[in-house]
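Fold and geometry: a report
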Amino acid sequence: MTGELIGQLVLWLIVAVVVIFILYWVMHWLYRRSTKERSFVRTGFLGEKVVINGGAFVLPFIHDITPLNMTPPH
C-alpha cells in the first residue's frame, strides 16, 4: 500500500464518521418521545397519529404537534 492510498482511506473513513454523526444528530433531533404524563398527537403528512407510549418522527415543516396531558385531574 502506498502512502497516497492510505491517505485516501483515512479521508474516506473520516468522511464516513462525520456523515454517520450528522445522520444520528438529525434523527435524534426529529424523534419525539411521549412519557406517562405527556402524550401527543402528530398531524400533517400521512394523516394523524396519536402517540401515547413510544415516539414518532416529527418533521417541523410538515407536521404539527398537539401535546396532551395524561394526568387525571385532582
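Just above, that's the structure.
I will try to describe carefully the structure that is included in this document.

Thresholds applied
Residues numbered from 1 in each chain as written. Predicted model: local features only at pLDDT ≥ 70, side-chain atom pairs only at ≥ 80, totals over all residues. Heavy atoms only, no water. Helix = DSSP H or I, 4+ residues; strand = E, 2+ residues; numbered from the N terminus. Buried < 20%, exposed > 50% of the residue type's maximum accessible area, 1.4 Å probe, protein only. Polar contact = N/O pair within 3.5 Å; in protein donor to acceptor, adjacent residues only side chain to side chain. Contact = heavy atoms within 4.5 Å. Phe/Tyr/Trp six-rings, centres within 6.5 Å; stacked < 30°, edge-to-face > 60°.

**Looking at the environment of alanine 16**
Mapped onto the secondary structure, alanine 16 falls in helix α1 (residues 3-30). On the basis of relative accessible area, alanine 16 is assigned to the partly exposed category, the value being 33%.

**Focus: the side chain of serine 34**
On the secondary structure map, serine 34 appears in the loop between β1 (31-33) and β2 (38-44). According to the relative accessible area criterion, serine 34 is buried, its value standing at 7%. At 2.9 Å, the side chain of serine 34 and the backbone oxygen of isoleucine 52 are in polar contact. Those residues within four positions of serine 34 in sequence are excluded, and the remaining contacts are Ser39, Phe40, Val51, Ile52, Asn53 and Gly54.

**A closer look at the packing of aromatic side chains**
Two measures describe an aromatic ring pair: the distance that separates the ring centres and the angle between the ring planes. Scanning the entire structure with this criterion turns up two aromatic pairs. Their ring planes at 5° and their centres at 6.2 Å tell us that tryptophan 25 and tryptophan 29 sit as a pair that is stacked. With tryptophan 25 and tryptophan 29 both in helix α1 and four residues apart, the pair spans about one turn of that helix. Their ring planes at 65° and their centres at 5.1 Å tell us that tyrosine 31 and phenylalanine 57 sit as a pair that is edge-to-face. Of this pair, tyrosine 31 sits in strand β1 while phenylalanine 57 sits in strand β4 (residues 55-57), placing them 26 residues apart in sequence.

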